[in-house]
Amino acid sequence: MLTATVLSWLLFFVTAHAYETWHLVDLSQVICPKPTSSMTDAPEFPEYNLGINYTNELQVDAPHIVGFIRASKQAVSITFKIEDFYGEQVVPETTVELKALSDAVPSNCKCTNPTIPVEVSSTFGANYGAQCGAWDEPKCGELWGNITVGAWCCRHWCYASSECPDAYQSQAIPGQYFSYAACNTYAAVNPCQWTQVAEEQDPCTCKDKSGIFNAAMKAKFSDSYGSTCGAWDMANCATNYRPDQVDTWCCANWCYVDKECPSAVASLNPGMEGVLYWSDNVCVDDPALMLQCPYQPQPNVSASDTSCDCLDATMPSELITSLGLDLTTYADYGRQCGPHDADVCDKTYPGADHAMWCCTSWCWVSATCPTARASTVWQGYYWSQEKCELNAEAVSGCKWESLCECRGQLPAGTFDGNGNFAADYGSSCSAWDSVNCKVVWGSDADSSWNTSSDHEWCCDSWCYVNEACPIAKKSWLGIGFYFSYETCDDPATTYNEQTDSCDPLRRLSARRRSGSFSSSRRSWSSGGSRRRSPYAASTSARRRSWSAPSTVSQRRRAPPPPAVRRRAPPPPVPSPTEGRRRSSSLSGQTFSTTPRRRATSSVEASLRRRRTIPETPYGYANRPHMMNNYGGTMPYQTPYGYTGYNAIPQQSSPNVAMYGAAGFVGGLGAAYMYNNMYSDSWGMHRRRRYGDFHNQNFCIVTDPGSRNGAFMACEQCYHLYGFSSCPSADSCRTATGCRYTTPQSYSRDELAATGFIPQAYTPPLKVIFTSITGQGIDTASICPPLTPADVALAEQFNRTMSFKPELFLVLSRQDVVEAVEQTGAGAATGFAPSAALLLMLVLPHLHK
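Residues numbered from 1 in each chain as written. Predicted model: local features only at pLDDT ≥ 70, side-chain atom pairs only at ≥ 80, totals over all residues. Heavy atoms only, no water.

Things to note about the overall build of the protein chain
- If you tally the helices and strands in the protein chain, you get 20 helices and 36 strands.
- The buried share of the protein chain, reckoned over its 848 residues, is 55%.
- Taking the contacts inside the protein chain whose residues are at least 6 apart along the sequence as the reference set, 73% of them involve residues at least 24 apart.
- A total of about 35,500 Å² of accessible surface is found on the protein chain, and carbon and sulfur atoms cover 50% of it. (Helix = DSSP H or I, 4+ residues; strand = E, 2+ residues; numbered from the N terminus. Buried < 20%, exposed > 50% of the residue type's maximum accessible area, 1.4 Å probe, protein only. Contact = heavy atoms within 4.5 Å. Areas by Shrake-Rupley, 256 points an atom, 1.4 Å probe, with all protein chains shown as cover.)

Considerations on the sheet that holds strand β6 (residues 158-160)
- The three strands are arranged β6-β8-β7 in an open sheet whose pairing can be described as antiparallel. Across the chains shown, the open sheet's two edge strands, defined by having one partner strand only, are β6 and β7 (168-169).
- Sheet topology note: the β6/strand β8 (residues 177-179) ladder contains three bridges and is antiparallel. Note that in β8 the partner of Cys158 across the bridge is Ser179. (Pairing = 2+ DSSP bridges.)

Looking at the state of the cysteines
- Summed over the entire model, instances satisfying the criterion amount to 21 disulfides.
- One disulfide in the model links Cys154 with Cys192; its S-S distance is 2.0 Å. Between Cys154 and Cys192, the S-S dihedral sits near 80°, and the bridge is therefore right-handed. Of this pair, Cys154 sits in the loop between α4 (140-144) and β6 while Cys192 sits in the loop between β8 and α5 (193-201), and the two are 38 residues apart along the sequence. Exposure class is identical for Cys154 and Cys192. Each is buried. (Disulfide = S-S within 2.5 Å.)

Side note on the pairing of strand β27 (residues 641-648)
- With six of eight residues buried, β27 is to be regarded as a mostly interior element.
- Of the pairings in the sheet, the one linking strand β26 (residues 636-638) to β27 comprises three bridges and is antiparallel in character. Bridging from a neighbouring strand, Tyr636 pairs with Thr643 of β27.
- Taking the residues that link successive antiparallel strands as the turn, the β26-β27 hairpin has two residues.
- One ladder, built from five bridges, connects β27 with strand β32 (residues 746-756); its direction is antiparallel. Within the sheet, the bridge partner assigned to Ile648 lies in β32 and is Tyr746.

Considering the pairing of strand β19 (residues 501-504)
- The pairing of strand β18 (residues 493-496) with β19 spans four bridges and is classified as antiparallel. Residue pairing for β19: Thr494 is matched across the bridge by Asp503.
- Count of turn residues in the β18/β19 antiparallel hairpin: four residues, of which Asp500 carries a positive phi of about 50°.

A word on the sheet that holds strand β4 (residues 76-83)
- Spatially, the four strands line up as an open sheet ordered β2-β33-β4-β5, and their pairing is antiparallel. Either end of the sheet is taken by a strand with one partner, and the two such strands are β2 (50-52) and β5 (89-98). Sheet twist, expressed as the average angle between the axes of neighbouring strands with direction ignored, equals 20°.
- Pairing of β4 with β5 involves seven bridges; the strand directions are antiparallel. (Axes fitted to C-alpha atoms, helices over the stretch in contact; angles between N-to-C directions.)

Thoughts on the environment of Thr616
- The topology assignment puts Thr616 in strand β25 (residues 616-619).
- Taking C-alpha positions, Thr616 is 7.7 Å from Pro63, a pair spaced 553 residues apart along the chain.

Things to note about helix α17 (residues 714-721)
- Taken together, the buried positions of α17 are Cys714, Glu715, Gln716, Cys717 and Tyr718.
- Lining the buried residues of α17 we find α8 (287-291), α9 (317-322), β29 (698-700) and β30 (711-713).
- At the exit of α17 stands Gly722, carrying a positive phi of roughly 90°.

Observations concerning the nonpolar core
- Counting residues in each nonpolar core, the largest one holds 47 residues, and the members touching the most others are Trp22, Trp194, Phe711 and Tyr746.
- Listed in part, the 45 residues of the second largest apolar core include Trp378, Trp383, Cys463 and Cys726. (Core = buried A, V, L, I, M, F, W, Y, C linked by side-chain atoms within 4.5 Å.)

With respect to unusual backbone geometry
- The residue after Asn190, namely Pro191, is reached through a cis peptide bond having omega 5°.
- As for its position among the elements, Pro191 is in the loop between β8 and α5.
- With an omega of 0°, the peptide bond between Pro763 and Pro764 qualifies as cis.
- Along the polypeptide, Pro764 turns up in the loop between β32 and β33 (765-774).
- Notably, Asn436 is not glycine yet its phi reads approximately 60°, a positive angle.
- In this fold, Asn436 is placed in the loop between α12 (392-396) and α13 (437-441).
- Using a relative accessible area of 40% as the deciding quantity, one classes Asn436 as partly exposed.
- A positive phi angle, near 50°, is found at Asn646, a position not held by glycine.
- With respect to the helices, strands and loops of the structure, Asn646 is situated in strand β27.

Comments concerning the environment of Val76
- With respect to the secondary-structure elements, Val76 resides in strand β4.
- Judged by relative accessible area, Val76 falls into the buried class, the value being 6%.
- Between the C-alpha atom of Val76 and that of Gly776, which follows or precedes it by 700 residues, the distance is 7.1 Å.
- If near-sequence neighbours (up to four positions away) are discounted, Val76 is found in contact with Arg70, Val96, Glu97, Leu98, Ile772, Thr773 and Gly774.

Points about the pattern of salt bridges
- If you walk through the whole model with that rule in mind, you get twelve salt bridges.
- Ionic pairing is found between Arg335 and Asp312, a salt bridge with its closest N-O pair at 2.7 Å. One end of the pair, Arg335, is in the loop between α10 (327-330) and α11 (345-348); the other, Asp312, is in the loop between α8 and α9, with 23 residues separating them in the sequence.
- Bridged by salt links that share partners, the residues Glu20, Arg748 and Glu750 form one connected network. (Salt bridge = Lys/Arg side-chain N within 4 Å of Asp/Glu carboxyl O.)

Some points on the packing of aromatic side chains
- Applying the stated criterion to the full structure yields 39 aromatic pairs.
- Taking 6.1 Å as the distance between ring centres and 65° as the angle between the ring planes, the aromatic pair formed by Tyr225 and Tyr256 counts as edge-to-face. Taken as a pair, Tyr225 in the loop between α6 (215-220) and α7 (237-240) and Tyr256 in strand β9 (residues 255-257) lie far apart in primary sequence, 31 residues in all. Each member of the pair, Tyr225 as well as Tyr256, carries the same accessibility label: buried.
- Ring plane angle 65° and centroid distance 6.1 Å describe the contact between Tyr349 and Trp357, whose orientation is recorded as edge-to-face. Accessibility classification places Tyr349 together with Trp357 in one group, the buried group.
- Three or more aromatic residues joined by ring pairs form one cluster here, namely Phe415, Phe421, Tyr425, Trp432, Trp441, Trp462, Tyr464, Phe483 and Tyr485.
- Its end group placed over the ring of Tyr645, Lys73 keeps NZ or CZ at 6.0 Å from the ring centre.
- Geometry around Tyr630 places Arg748 over its ring, the cationic atom sitting 5.8 Å from the centre. (Phe/Tyr/Trp six-rings, centres within 6.5 Å; stacked < 30°, edge-to-face > 60°. Lys NZ or Arg CZ within 6 Å of the ring centre and 35° of its normal.)

Topic: the side chain of Glu137
- Tracing the backbone shows Glu137 in the loop between α3 (118-124) and α4.
- An unpaired buried charge is present at Glu137: no salt bridge exists, and Lys139, the closest side chain of opposite charge, is 11 Å distant.
- Among the polar contacts made by the side chain of Glu137, one reaches the side chain of Gln193 at a distance of 2.9 Å.
- When near neighbours in sequence (up to four residues on either side) are disregarded, Glu137 contacts Cys153, Cys154, Val189, Gln193 and Trp194. (Lys, Arg positive; Asp, Glu negative; His and termini not counted. Polar contact = N/O pair within 3.5 Å; in protein donor to acceptor, adjacent residues only side chain to side chain.)

Written out as structure tokens, the structure is:
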């Protein structure tokens, strides 16, 4: 049996690989002319550096080498260097010529049909590896252990000539080489039983954890809760969690996973902390649902807190007109509280599911307001409903959702036993209480008849409405239905208490006496209190904001679009594990990290305490490790290390980060943003010059067209494809990254001589690119337009803010191989047995 130490290490290896992070390289900032501007208010364009922070996915005590993931199959030359936070050299300036790629195999790469030793054939069978065959498929789990299996188990290989581009030395038969390329004309076994085994062993696969639910959870949730990807908390999040706990995660798809999953988050359920873990990084969200998620934390905003007061900010006229709004009518859009989108929601948010949220009141507020939300129509600004009361006319007449319309006659028997009310009471707009109002309600405690002298409500029209109507109040009759006066216009009468009747008299309608809304004039006023009903409990404690739904309903417009994957902050970096040694790497070459001195994270460099990190030999020590990095096949060997043609297939789901060394996006689209905000050539086309060019909102296009997988400014994406096809890339801009679906296949290159141990350096690491050149680098499609003619053309075809990822940098973990210590002439070679070597001892036939 495998030892617990071996199993623990192998499990970490599998998860660490499966969730490695691809760091997006912004080619435009490396290859394009630096943007300049004569505008006096233009900020200085920052230096571009790609940032790499340390997450729980990075095994900091193990050697790592630099790798590149590229879309182009043509040769590319890259010059770069890596420094740590304090400027210490991690990888010296290096120029690598990545070779042109193809899956061609030289004619002299053939199976050699060697004589198979008895000790090999007795274990694996006759002719093992002598010719092409899926030799590992029948017993891959027995040979390698279920934790490391995968699609590679079902691929064909043979012992072959050393001329094969992926020829690696065999350990089972010394002097022989094995190759998968020699058998590339043979299709892999399909279906492959080991892919399912690999998924089952993956700690990030959704798990049914109902067996460990405590009594409190069993009382609240079904047995299937969290067992598969789903928005499990959508309907009851506000009921099951505290107000300060609810957030947009309530609408996210998630499932329970094992603690070892890198994106695992501890459960919030009392008594299950440290026992139950979930992840939303392993599931794909519904973008439309996330965009309009009704849940957000409910912080306490004191009466003295002015951060949520309306800013009286005026939106730029160019932006108002770009939304399709009439500047005369909407010049004050968002300046003060009002239902600004009530009539034009289809213009301001054309891709959204329009509903009652369009008719609620809001205004621009400070970013420090506890309930502030980033606007998706005015970059860099925030809105809130916190200090805004609903406008009754706008809500009751909302054309996007008829929640406040009269619902008709209540169910038969509702008023049985109460002779004061006919069966159609409240079924439509009418002054239902205009006759004998005092007789009916004068002795009713809920009517507050004796605590108020204003009984004009007796003459006002009203009807029963849907419970979800934001301005509805609960019936005094205790029948469980809701009513609204604002839905109806009032007759020209006034209440006469002496006769208990309504006398004809021209008076202002109730709506005109209270706050009024004029869709034509876009004006709001706050008049005196309406003379109608005494207090009745409203549908929710606060009707200024949309209440948590019992089913999927739409929230008012503009929280920023949902994160592709809202990853939790990484847990602490794992502690160093035991050394892992192997006598040599698979390629037969062994490299060593340069001795480094580790710095602590003290801010003052002069006070940093250092310790020595010794020289460490490294390489790929086992076949599954290498093959899992290269899509289930062995990479070709190159002068710089390894290369894998189409190693990452289309529709893969890697973790992608656009983290900058300075802590912000650090360049994604910055060249485009800077140019269209400040470049002299943009002139009249400067229609998106709003907000901070460092920090623009990007979305990922999921529409199946030609731009699938591209990063695009969210405002453009919404207009072109709608909200449901534009999930936000905000979480990609964090150190931990986001989930990304590859729109095409990518190839992988690794630079074998760039090894270093992350533990020796202070993060974030800074990757500085000097040049990137090659036939596959098309400056015309990558660089932002610089001349007026190019700008006009770009605006016409809407190209300026859309670009596809072409190049990523990745850190590939390596195995520690044999370390030699010489204490004198003729000293013996010594090494600490590693998990990989321990597995070799348990399974002597581990390597071919």
